[in-house]
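# A closer look at the structure
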Amino acid sequence: MATTERDYYELLGLSRSATDTEIKRAFRALARELHPDVSEAPDAEQRFRAVAEAYEVLSDPDRRATYDRFGHAGLRRGGFQPTFADFGTLADVFAAFFGDEFLRGGATTRQRSTRGGDVQALVEIDLEDAFSGVSVTVPVDVAVACERCGASGSEPGTGRRTCSTCAGTGMLRRVSRNVFGEFVHQSTCPECGGPGQMLEAPCTECGGEGRVVQRRQLEVEVPAGIHDGQRIRIRGEGHSGFQGGDRGDAFVLVRVRSDPRFVRDGDDLHTAVHLTMTDAALGTTARVPALGGDLDLKVSPGTQPGVVRVVRGQGMPALHGSRRGDLYVRMDVAVPTHVTDEQRRLLEEFRQHDGPETYASDDDEGFFRRLRSALR
Ligand SMILES: [Zn+2]
Ligand SMILES: [Zn+2]
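These notes cover the structure that comes with them.

### Some remarks on the packing of aromatic side chains
Taken as a whole, this structure holds four aromatic pairs when the rule is applied. An angle of 25 degrees between the planes, with centres 5.9 Å apart, marks the rings of Phe 27 and Phe 48 as stacked. Placement of the pair is Phe 27 in helix H2 (residues 20-34) and Phe 48 in helix H3 (residues 44-58), with a sequence separation of 21 residues. There is no split in this pair, since Phe 27 and Phe 48 are both buried. In textbook terms, an aromatic cluster arises when at least three aromatic residues are bridged by ring pairs, as seen for Tyr 8, Tyr 9 and Tyr 67.

### Some words on helix H4 (residues 61-77)
The first and last C-alpha atoms of H4 sit only 17 Å apart over 17 residues, clearly below the 24 Å expected at 1.5 Å per residue. Of all the bends found along H4, the most pronounced is centred on Phe 70 and spans about 125 degrees. Among the residues making up H4, those that are buried are Arg 64, Tyr 67, Gly 71, His 72, Gly 74 and Leu 75. Contacts made by the buried residues of H4 are with helix H1 (8-12), H2 and H3. Two or three places before Asp 62, at the opening of H4, Asp 60 has a side-chain oxygen 3.0 Å from that residue's backbone nitrogen. Looking at the residues trailing H4, positive phi occurs at Gly 79, about 85 degrees.

### A closer look at the layout of surface pockets
Volume-wise, the largest pocket comes out at about 820 Å³. Met 277, Thr 278, Ala 281, Phe 350 and Tyr 359 are, among the 25 residues lining the largest pocket, the residues nearest its centre. Among the secondary structure elements, those contributing two or more residues to the lining of the largest pocket are strand E11 (268-276), helix H7 (277-282), strand E15 (327-334), helix H8 (341-353) and helix H9 (356-359). Ranked by residue count, the leading element in the lining of the largest pocket is H7, at five residues. Split into classes, the residues belonging to the lining of the largest pocket amount to 16 nonpolar, eight polar and one charged.

### What to know about the environment of Gln 197
Looking at the element boundaries, Gln 197 is found in strand E6 (residues 197-199). For the pair Gln 197 and Thr 169, spaced 28 residues apart in the sequence, the C-alpha separation amounts to 8.7 Å.

### Topic: the coordination of the zinc ion (ligand 1)
Any two of four tetrahedral donors ideally make an angle of 109.5 degrees at the metal, while pairs among six octahedral donors ideally make 90 or 180 degrees. Around the zinc ion (ligand 1), the donor atoms from the protein are Cys 146 (SG), Cys 149 (SG), Cys 203 (SG) and Cys 206 (SG), and they sit 2.3 to 2.4 Å away. In this structure, the zinc ion (ligand 1) is coordinated by four donor atoms arranged in tetrahedral fashion, with angles at the metal of 103 to 118 degrees. Sequence spacing of the donor residues for the zinc ion (ligand 1), all on one chain, is C-x2-C-x53-C-x2-C. Remark: Cys 206 occurs in the loop between E6 and strand E7 (211-222) and Cys 149 occurs in the loop between strand E2 (134-145) and strand E3 (160-162); sequence separation between them is 57 residues. Considered together, Cys 149 and Cys 206 belong to a single accessibility category, that of buried residues.

What counts and how
Residues numbered from 1 in each chain as written. Chains lettered and ligands numbered in written order. Predicted model: local features only at pLDDT ≥ 70, side-chain atom pairs only at ≥ 80, totals over all residues. Heavy atoms only, no water. Phe/Tyr/Trp six-rings, centres within 6.5 Å; stacked < 30°, edge-to-face > 60°. Helix = DSSP H or I, 4+ residues; strand = E, 2+ residues; numbered from the N terminus. Buried < 20%, exposed > 50% of the residue type's maximum accessible area, 1.4 Å probe, protein only. Expected span 1.5 Å × (residues − 1). Bend = angle between axes of the 7 residues up to and from the residue. Contact = heavy atoms within 4.5 Å. Polar contact = N/O pair within 3.5 Å; in protein donor to acceptor, adjacent residues only side chain to side chain. 1 Å grid on protein atoms, 1.4 Å probe; cavity = no way out; pocket = protein on both sides within 12 Å on 5 of 7 lines; lining within 4 Å. Points joined across faces, edges and corners; volume = space filled by probe spheres on them. Nonpolar A, V, L, I, M, F, W, Y, C, P; charged D, E, K, R; others polar. Donors = N, O, S within 2.8 Å, 3.2 Å for Na, K, Ca; no water. Tetrahedral: all angles 85-135°; square planar, octahedral: opposite > 155°, others 65-115°.

Okay, structure coming up:
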C-alpha cells in the first residue's frame, strides 16, 4: 500500500488556500489527462493513484484540516488509508469516482440514457459482529446529478448549439478513391462525441458533466454469518446514470477481523480452555469462551490434554438458514512449574501411591486390544 509522501497541494497543482471548487476542478482536469483511455504515459496509473489520494484527503474538510496541521504523519496516526489503494486496476479507480461513462462526452450533450457505474467500498467488522449481524455506516463517494444544471451539464440560462465540426450529424465522413473505386469512411465526430450538439456554456459546478461527486454515508446491513472477503451488493446506491439512466450499484467488501480467542473454520469455531493438572485429574466446571456468551462446560475427571470436546450449535450462524456451526473446545492441561515445599511433599506422597492403574483408562484398554488384534 504505497502512500505517496508528495505534498497533496503540489500534486494537484494548487496553493494551500485553494477553495473546494478549485480542488474539484484541478482533480477533474488531471483525471481527464491521466485517464487510461487517453494517457499514453507509462506512469499514468501511479500518478492518478497519487492524485486520487490527494483529492480524497483535500475534498474532506476534516482530513484536510488534519493534513494542513500535521501532514502525512497526522493522517497516518488518524488511521487514514486511501480507499483506492485496494482497488485492482486504474479503471476501477476511475469507475469508483465517476462511473464507467467518465470522459466519453466531456462538455457535450448525451442523448442516450446510460446506467451509472458501480461503486466499491470496504468495511471491517469484528468476529462478534459477524456472529450477530451488524449495521454499519460506510462512506462512499458517488457521482450524483448536479443540482445547478439539473444534470443537463448546461450553465443555467444557456442552451446548446449545433456542433460546427460535424454540422450536427455527429459523424464525420471521409471519401477516398483508389483503383477499386470510391470508399466512404464514417467515424464519430471527435468534437461533440456523437450527439451533434455542444453546450453553449458548460455548468460551472459540474464542468458540463451533469454530475458531481458527493460523499454519502451508506447504511449497510451486514447479515449474521458473513464470511471474510464476501461482498454485499446494494442496488441503486452507485453512481447516478446519465439522462435518466438507472443508478449503478454499491459493492461493499466485508473484512472480518480475526478474534484471538477463536479460529473460524467455515461455520465452526475452535477454541481452547486451560485446565490445571488437578482440575483435569479431579474434574471441574470450566468457563469456555463462546460468541453469544461464555459457557460452563463440565470437565469429567481424568480429562486428557489435547482432547477436543464438541459443543453442538455454538459456532457461527450459517449465512442462509437457521443452522449454527459447532464449537470445538480443546483441553490444554498445565503442569505445575513453581511448587512450594508443602506442594512438593504432597506430590511426592502422591507419587509413592500411584501406579499404572492410576493412569489406565477404558479407552487405553480398547486401544491396546485393537492394536493386538491388528497385529495378530
Ligand atoms: Zn452542473
Ligand atoms: Zn460534432
